[in-house]
Amino acid sequence: MATPNNATPTNCSWWPISALENDAGKSAEVEDSQDPTDPALRAKDRLVLYHWTQSFSSQKVRLVIAEKGLPCEERDVSMPLTEHKEPWFMRLNLGEEVPVIIHGDNIISDYNQIIDYMEKNFTGAVTNANFLFCVSENVTQLIPEAGSILHTRVVQYRELLDSLPMDAYTHGCILHPELTTDSMIPKYATAEIRRHLANASTELMKLDYEGEPQLTEPYLSKQKKLMAKILEHDNVSYLKKILGELGMVLDQIEAELEKRKLEYQGQKCELWLCGCIFTLADILLGATLHRLKFLGLSKKYWEDGSRPNLQSFFDRIQKRFAFRKVLGDIHTTLLSAVVPNAFRLVKRKPPSFFGASFLMGSLGGMGYFAYWYLKKKYI
C-alpha cells in the first residue's frame, strides 16, 4: 500500500478504481459502480492530482504542472471537510496528506518526490497520445542540468525556501493578527480556530481515556502531535523569532537578485532568481511571497520599500499565466476555498460533528470576505 515518503513511486495497479477515479465526497455506491476495466480510466500516462486549494505544497505542485503546460485532472480534497481522512483518500495516502499525484500505475505522495518525478518524466520533447489531451511540444525544464552553475543555484534556493516553516507562519499569523498588516484572513477566523482547538483538546482527552475502538494509536498520536505543533505556533515569542529569521532569508534573496542585475548587466533578458531563465526556484519564491502577502506580511518585508528587488520579482511573477491560473487574484484566495466547501457541504449530508454551525460559519465567512474585498476594491 502506498505510504508517504516512499523512495520510489508506488505501483497502484491493484488499487480499487474508486481510489483513482472518485470525486471528493462521492458515495460508496458510486465508487462501487465504476468499472476498473474501463480503458478510459486507465490511460497509461493519465495525470491525476489530488490537492487542496489552500495547501501550500499543493499550490507549488500545481504551479509546476501549469508552468510545464501539462494536462492534468485536478481533484480537490477538502481539508476543512476532513475528506483527507475518508477511506477513498486513505487508499491513496495513509499519511492523510495532500498533494498526491497518480501517473498511470504510479502513486507519488510526497511533495518533493512529486516535483522530481514531474521534472524527470516531463521535460524536453514529449509526444504522447495516451494523455487525455495530446502533448507534442518541448516541455519546460525547471531544474537545469547537473554540473551547471544554474543547477547549483536552483538546488541551493530550493533547499532554503522549502526549509521555511510556512505552517508556523500560517498558524501564527491567524492566531496573532496583531503581528500582520492587511491580512487576507477574516478576523473571525482567529476566534473560530481557538474554539476548534479547545474542542479538539477536549475530544482527544476523552478518546485517550475512553479508548474509542475505531481510532488506532498511531492516529491518536498523530493528532496529539498536530495539536502540540499548533500550540507551539501560538507562542508569540517563537513566532517573532521565526519571523526575524524569515527577514534574514529574504535579505539573502534580495542580495541574490541584485547579483543577477550585475551579472547580466547590459544583456537583454528577463532576470530571475538564478539567472535569465525561469526555474523551479522562481516558482518556490513566487509561491512563498504569495502566501506571505495573503498572511499580511508583505508590507513588513518588501512593500515598505526595504527590498525593491523582491517587490519587482513579485510584480513580474504574478503576471505569468501559470500564476494567474493557479493562484488567481490574491484578494479572492480565501473565497475560492470557502465557496466550494460550502456548496459541497450542502450537496451531501453533513457529518454530525459539523452540522449547521460549520455551514453557517462558511457562508458567513464567504459573505464577509466578499464584502471586504468589494469595499476595498471599489469604494
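Residues numbered from 1 in each chain as written. Predicted model: local features only at pLDDT ≥ 70, side-chain atom pairs only at ≥ 80, totals over all residues. Heavy atoms only, no water.

A.B. asks: Give me the lowdown on the pattern of salt bridges, citing residues and values where you can.
C.D. replies: Between side chains of opposite charge, a pair can form when the charged atoms approach closely. Within the structure shown, the criterion is met by 18 salt bridges. Among the ionic pairs, lysine 293 bridges to glutamate 303, the shortest N-O distance being 2.8 Å. Residue lysine 293 is found in helix H11 (residues 280-295), and its partner glutamate 303 is found in the loop between helix H12 (298-301) and helix H13 (308-317); the two are separated by 10 residues along the sequence. With relative accessibility at 15%, the residue lysine 293 sits in the buried group. A salt bridge links lysine 299 to glutamate 303, with the nearest nitrogen and oxygen atoms 3.6 Å apart. Judged by relative accessible area, glutamate 303 falls into the partly exposed class, the value being 29%. Connected via shared salt-bridge partners are Arg153, Glu256, Lys259, Arg260 and Glu263. (Salt bridge = Lys/Arg side-chain N within 4 Å of Asp/Glu carboxyl O. Helix = DSSP H or I, 4+ residues; strand = E, 2+ residues; numbered from the N terminus. Buried < 20%, exposed > 50% of the residue type's maximum accessible area, 1.4 Å probe, protein only.)

A.B. asks: Got a sec to walk through the pairing of strand E4 (residues 100-103)? Specific residues and values, please.
C.D. replies: Burial along E4 is two-sided: Val100 and Ile102 facing one way and Ile101 and His103 facing the other are all buried. Direction of pairing for strand E2 (residues 47-51) relative to E4: antiparallel, over a ladder of four bridges. What sits directly across from valine 48, in E4, is isoleucine 102. The pairing of E4 with strand E5 (residues 106-108) spans three bridges and is classified as antiparallel. (Pairing = 2+ DSSP bridges.)

A.B. asks: How would you explain the side chain of glutamate 67 if you had to name every residue and give the values?
C.D. replies: Within the secondary structure, glutamate 67 is located in helix H3 (residues 56-68). Among residues more than four places away in sequence, those in contact with glutamate 67 are Thr140, Phe278, Ile283, Arg320, Ala322 and Phe323. (Contact = heavy atoms within 4.5 Å.)

A.B. asks: Now, about the nonpolar core: what can you tell me, with residues and values included?
C.D. replies: If you look at the biggest cluster of nonpolar residues, it comprises 68 residues, and the most contacted ones within it are Met118, Tyr169 and Ile253. Looking at this core element by element, the count peaks at 10 residues for H11. Excluding its chain neighbours within four sequence positions, the residues that come into contact with isoleucine 253 are Tyr157, Leu161, Leu273, Leu285 and Leu310. Trp88, Phe89, Val100 and Ile102 belong to the second largest nonpolar core, which has 11 residues in total. (Core = buried A, V, L, I, M, F, W, Y, C linked by side-chain atoms within 4.5 Å.)

A.B. asks: Outline the packing of H3 against H11, listing residues and values.
C.D. replies: H11 packs onto H3 with a crossing angle of 135 degrees between their chain directions and a minimal axis gap of 10 Å. Compared by their axis directions, H3 and H11 come out oblique. When you trace H3 past H11, the crossing you get is right-handed. When H3 is examined against H11, the residues Phe56, Gln59, Lys60, Leu63, Val64 and Glu67 are found in contact with a partner set consisting of Leu280, Ile283, Leu284, Ala287, Thr288 and Arg291. (Axes fitted to C-alpha atoms, helices over the stretch in contact; angles between N-to-C directions. Parallel < 35°, antiparallel > 145°, perpendicular 65-115°, else oblique. Left-handed = near helix turned anticlockwise from the far one by under 90°.)

A.B. asks: Which residues make up the environment of histidine 84, and what values go with them?
C.D. replies: Along the chain, the position of histidine 84 falls in the loop between strand E3 (73-76) and helix H4 (87-90). The class of histidine 84 is buried, set by a relative accessible area of 9%. For the pair formed by histidine 84 and valine 98, sequence separation is 14 residues and the distance between their alpha carbons is 7.8 Å.

A.B. asks: Please provide a residue-by-residue account of the packing of aromatic side chains, values included.
C.D. replies: Summed over all chains, the structure comprises three aromatic pairs. Between the aromatic rings of tryptophan 272 and phenylalanine 313, the centroid separation amounts to 5.6 Å while the plane-to-plane angle is 90 degrees, which identifies the pairing as edge-to-face. Of this pair, tryptophan 272 sits in the loop between helix H10 (236-263) and H11 while phenylalanine 313 sits in helix H13; the two residues are 41 residues apart in sequence, bridging distant segments of the chain. Take tryptophan 272 and phenylalanine 313: they sit in the same class, and that class is buried. (Phe/Tyr/Trp six-rings, centres within 6.5 Å; stacked < 30°, edge-to-face > 60°.)

A.B. asks: Go over helix H5 (residues 111-121), please, and point to the residues and values.
C.D. replies: Those residues of H5 that sit buried are Tyr111, Ile114, Ile115, Tyr117, Met118 and Glu119. Contacts from the buried residues of H5 go to E2, H3, E4, E5, helix H6 (149-162) and H11. The backbone nitrogen of asparagine 112 lies 3.2 Å from a side-chain oxygen of the residue at the head of H5, namely aspartate 110. (Polar contact = N/O pair within 3.5 Å; in protein donor to acceptor, adjacent residues only side chain to side chain.)

A.B. asks: I'd like a description of the environment of glutamate 119, backed by residues and values.
C.D. replies: Take glutamate 119: it is sitting in helix H5. Given the relative accessible area of 11%, glutamate 119 is considered buried. If we skip the residues at most four places from it in the chain, glutamate 119 touches Lys68, Thr140, Gln141, Leu142 and Ile143. Among the polar contacts made by the side chain of glutamate 119, one reaches the side chain of lysine 68 at a distance of 2.9 Å.

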